[in-house]
Amino acid sequence: MAMRITPSILNADLADLAGEITRIPSADGLHVDVMDNHFVPNLTLGLPVVEAIQRHTELPIDVHLMIDDADAWAPRYADLGVHTVTFHVEAARAPIRTAREIRRLGSRASMALKPATPIEPYADMLTELDMVLLMTVEPGFGGQKFLDLVLPKIRRTRELVKATGQEIWIQVDGGVSLETVERCADAGADVFVAGTAVYRADDPDEMVVALRDRAIA
Ligand code: DX5
Ligand code: ZN
């Protein structure tokens, strides 16, 4: 199984995004955290900034929407032509329709679950998705401690994905580091978001490579 590292720019120097992006050429994608101060108690950036980032990188952009009214907003990000649009199921009224809309507009559709949200109720809609994001911290901030309690859900999600017979990626986000990446990979994750681990490293690109190596090991 291919292991992908998609660094989060949340803890990069946000005043120098263009420069920060060039520091991780080995990354498999760029994870962009969109927050609205309603769904989560923090505010980051939105459509115009994502559009600007696109002009500065060839990396596939993976937009993680932590915003209310996901059904209305997710298609607008897909419209920009980003690689993946992830919306939170807790913020969506019609997750199946929203996933279909994202795909219709040409992006990969992904649905995120907070740590306490179970996967079982969504087993039947996995085939509508290209990726599932299992949060391994409460969404809102970088630099939090990895929640081991999510590991059984990663395992369960891998089983459910296998049962579909389709290639659906499982992404983990929050507290992913050299210490925790292996546990996530063992449980069945194959896409890893890392914010502080990458951008607080002396050499962010070296950390991307090290994380991927450890996930494969
Ligand atoms: C948190 C964001 C994450 C965050 C991860 O809500 O979704 O993408 O940047 O940061 P670390 O890797 O520091 O936990
Ligand atoms: Zn994120």
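Before reading on, note that the structure itself is shown above.
This structure is a prediction, so every number in the text was calculated from the model and none was measured.

A. Layout of the sheet that holds strand S2 (residues 30-35). If you walk across this open sheet you meet the eight strands as S1-S8-S7-S6-S5-S4-S3-S2, and the pairing is parallel. The open sheet has two free edges, formed respectively by strand S1 (4-7) and S2, since each of these has just one partner strand. Here the average twist between neighbouring strands, direction ignored, is 25 degrees. With four bridges joining them, strand S3 (residues 61-66) and strand S4 (residues 84-88) adopt parallel strand pairing. Paired with Asp62 across the bridge in S4 is Thr84. Strands in contact with helix H8 (residues 204-216) are S1 and strand S8 (191-194); relative to S1, the strand with the most contacts, it is inclined by about 145 degrees.

B. How the structure looks around the site of ligand 1. Contacts to ligand 1 come from 22 residues, most closely from Ser8, Leu10, Gly142, Gly195 and Thr196. Contributions of two or more residues to the shell around ligand 1 are made by S2, S8 and helix H7 (196-199).

C. The arrangement of the nonpolar core in detail. Of all hydrophobic cores here, the largest spans 67 residues; its most connected members are Leu65, Val85 and Phe192. In this structure, Val85 is in contact with Val63, Leu65, Ala74, Tyr77, Ala78, Ile102, Ser107, Ala109 and Ser110, ignoring residues within four places of it in sequence.

D. Representation of helix H5 (residues 151-164) in the model. Spanning 14 residues, H5 covers 20 Å between terminal C-alpha atoms, matching the ideal 20 Å at 1.5 Å per step. Those residues of H5 that fall on the buried side of the exposure criterion are Leu151, Lys153, Ile154, Thr157 and Val161. Looking down the long axis of H5, one finds its buried residues gathered within 150 degrees of arc, a one-sided arrangement. In H5, the exposed positions angled more than 90 degrees off the buried face are occupied by Pro152, Glu159, Lys162 and Ala163. Looking at the buried residues of H5, the elements they touch are strand S6 (131-135), strand S7 (169-173) and helix H6 (181-187). Downstream of H5 by one or two residues, Gly165 has phi in the positive range, about 75 degrees.

Rules used in this analysis
- Residues numbered from 1 in each chain as written.
- Chains lettered and ligands numbered in written order.
- Predicted model: local features only at pLDDT ≥ 70, side-chain atom pairs only at ≥ 80, totals over all residues.
- Pairing = 2+ DSSP bridges.
- Helix = DSSP H or I, 4+ residues; strand = E, 2+ residues; numbered from the N terminus.
- Axes fitted to C-alpha atoms, helices over the stretch in contact; angles between N-to-C directions.
- Contact = placed C-beta atoms within 7 Å.
- Near = placed C-beta within 6 Å.
- Core = buried A, V, L, I, M, F, W, Y, C linked by C-beta atoms within 7 Å.
- Buried ≥ 20, exposed ≤ 12 C-beta atoms within 10 Å, placed from the backbone.
- Expected span 1.5 Å × (residues − 1).
- Arc of directions from axis to C-beta.

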